[in-house]
Amino acid sequence: MGQKVNPIGFRTGVMIGWKSRWFASKQEFATLLLEDHKVRDFIKNHPKKQQYRNAGIDRIEIERTRDEVKVVLHVARPGLIIGKKGQEVELLQEELQNLIGRRVNLKIEEVGRPELMAQLVAEDIGQQLSKRASFRRTIKRSMEQTMDAGAKGIKIRLAGRLGGAEMARIEKQISGSIPLSTLRAKIDYGFHEAKTAQGHIGIQVWVNQGMYEGVSDGPDAQESQAPKKPKRAYKR
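1. Description of the overall build of the protein chain
- Looking only at helices and strands, the protein chain has seven helices and eight strands in total.
- When the 236 residues of the protein chain are sorted by exposure, 36% land in the buried category.
- Put simply, 61% of the contacts in the protein chain that link residues at least 6 apart link residues at least 24 apart.
- Summed over its atoms, the accessible surface of the protein chain is roughly 15,300 Å², and 49% of this surface lies on carbon and sulfur atoms.

Now the structure itself:
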């Protein structure tokens, strides 16, 4: 099962929260869902500002209240979005307000270790492949950087016309452990498409960041919760 399911969707609502946090009636739900998609697509693929693509946007979280829409960007290089004296943030906030016609509250949070974020790793590999870098060397370098940053494991899967070959194929490499079916495992997942002259190359990245804190296993249970009755001995 873990091979077929998106690891983030598999854990959403169980171990991790939603990226869009709001409630709506049946009549409004589709409209607001489309608004969320427009906001994310506008920021990720801004028509005028190419520096947003180099800023390393890991994820975009959206919260809605009755009065405003709160948009939180988790970015590896926030300086490219903030700009001098925060002017770029104000411009982006105005553009988002004009796009959806609601009041937007924009916040930017820095990502501590971008090497552990699967989406950023996938986008970095995509940039290298677009520059005609060797895919094997690129995969090896990315895996070494992620493992050196403290990851428990990483899995990278490329699909497409690798190296300009006439027939598309799949290349996969794993380092460390990737327990996809273990809900307690903190598995981050990222997907990106590299646009090359020969066609698109799909990049999937799984990163094992360890276990979720505060989740105890059976042997680690507190002594007070353990059964105090001795086990019965059955004689034959």
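2. What to know about helix α6 (residues 118-130)
- In a regular helix each residue adds 1.5 Å, so 13 residues correspond to 18 Å; α6 covers 18 Å between its end C-alpha atoms and thus fits that length.
- Taken as a whole, α6 has its buried residues at A118, Q119, L120, V121, A122, E123, I125, G126 and L129.
- Where α6 is buried, its residues contact α2 (26-44), β2 (57-64), α7 (135-148), β5 (153-160), β7 (185-196) and β8 (199-211).
- Among the residues trailing α6, R132 stands out with phi positive, at a value near 65°.

3. Quick notes on the packing of aromatic side chains
- If you walk through the whole model with that rule in mind, you get two aromatic pairs.
- On the numbers, 5.5 Å between centres and 45° between planes, the contact of W22 with F29 is tilted.
- The class of F29 is partly exposed, set by a relative accessible area of 43%.
- Ring geometry for Y189 versus W206: centroids 5.4 Å apart, planes at 55°, classification tilted. With Y189 in strand β7 and W206 in strand β8, the pair connects residues that are 17 residues apart, well separated along the chain. For the pair Y189 and W206, a shared accessibility class is recorded, and that class is buried.
- The ring of W22 carries R64 above its face, with NZ or CZ at 5.4 Å from the centroid.
- When the ring centre of W206 is taken as origin, the NZ or CZ atom of K155, which lies over that ring, is 4.5 Å away.

4. Concerning the side chain of E123
- Following the sequence through the fold, E123 ends up in helix α6.
- Overall, the relative accessible area of 14% leaves E123 in the buried class.
- A distance of 2.9 Å separates the side chain of E123 from the side chain of K44, its partner in a polar contact.

5. Considering the pattern of salt bridges
- A full pass over the atoms with the stated rule returns twelve salt bridges.
- Here R169 ties to E171 by a salt bridge, and the two come within 3.6 Å at their closest N and O atoms.
- Judged by relative accessible area, E171 falls into the buried class, the value being 18%.
- Three or more residues joined by partner-sharing salt bridges are found here, namely R21, D58, R59, E61 and E63.

6. A short note on the sheet that holds β2
- Reading across the sheet, the four strands line up as β1-β2-β3-β4 and stay open at both edges, with mixed pairing between neighbours. Of all strands in the sheet, those bounded by a partner on one side alone are β1 (20-21) and β4 (103-110).
- Relative to β4, strand β3 (residues 68-75) runs parallel, the two sharing eight bridges. In the sheet register, V75 faces β4, and the bridge partner there is E110.
- Contacts between α2 and the sheet are confined to β1, β2 and β3, with β2 contributing the most and set at about 145° to the helix.

Reading the values: the criteria
- Residues numbered from 1 in each chain as written.
- Predicted model: local features only at pLDDT ≥ 70, side-chain atom pairs only at ≥ 80, totals over all residues.
- Heavy atoms only, no water.
- Helix = DSSP H or I, 4+ residues; strand = E, 2+ residues; numbered from the N terminus.
- Buried < 20%, exposed > 50% of the residue type's maximum accessible area, 1.4 Å probe, protein only.
- Contact = heavy atoms within 4.5 Å.
- Areas by Shrake-Rupley, 256 points an atom, 1.4 Å probe, with all protein chains shown as cover.
- Expected span 1.5 Å × (residues − 1).
- Phe/Tyr/Trp six-rings, centres within 6.5 Å; stacked < 30°, edge-to-face > 60°.
- Lys NZ or Arg CZ within 6 Å of the ring centre and 35° of its normal.
- Polar contact = N/O pair within 3.5 Å; in protein donor to acceptor, adjacent residues only side chain to side chain.
- Salt bridge = Lys/Arg side-chain N within 4 Å of Asp/Glu carboxyl O.
- Pairing = 2+ DSSP bridges.
- Axes fitted to C-alpha atoms, helices over the stretch in contact; angles between N-to-C directions.

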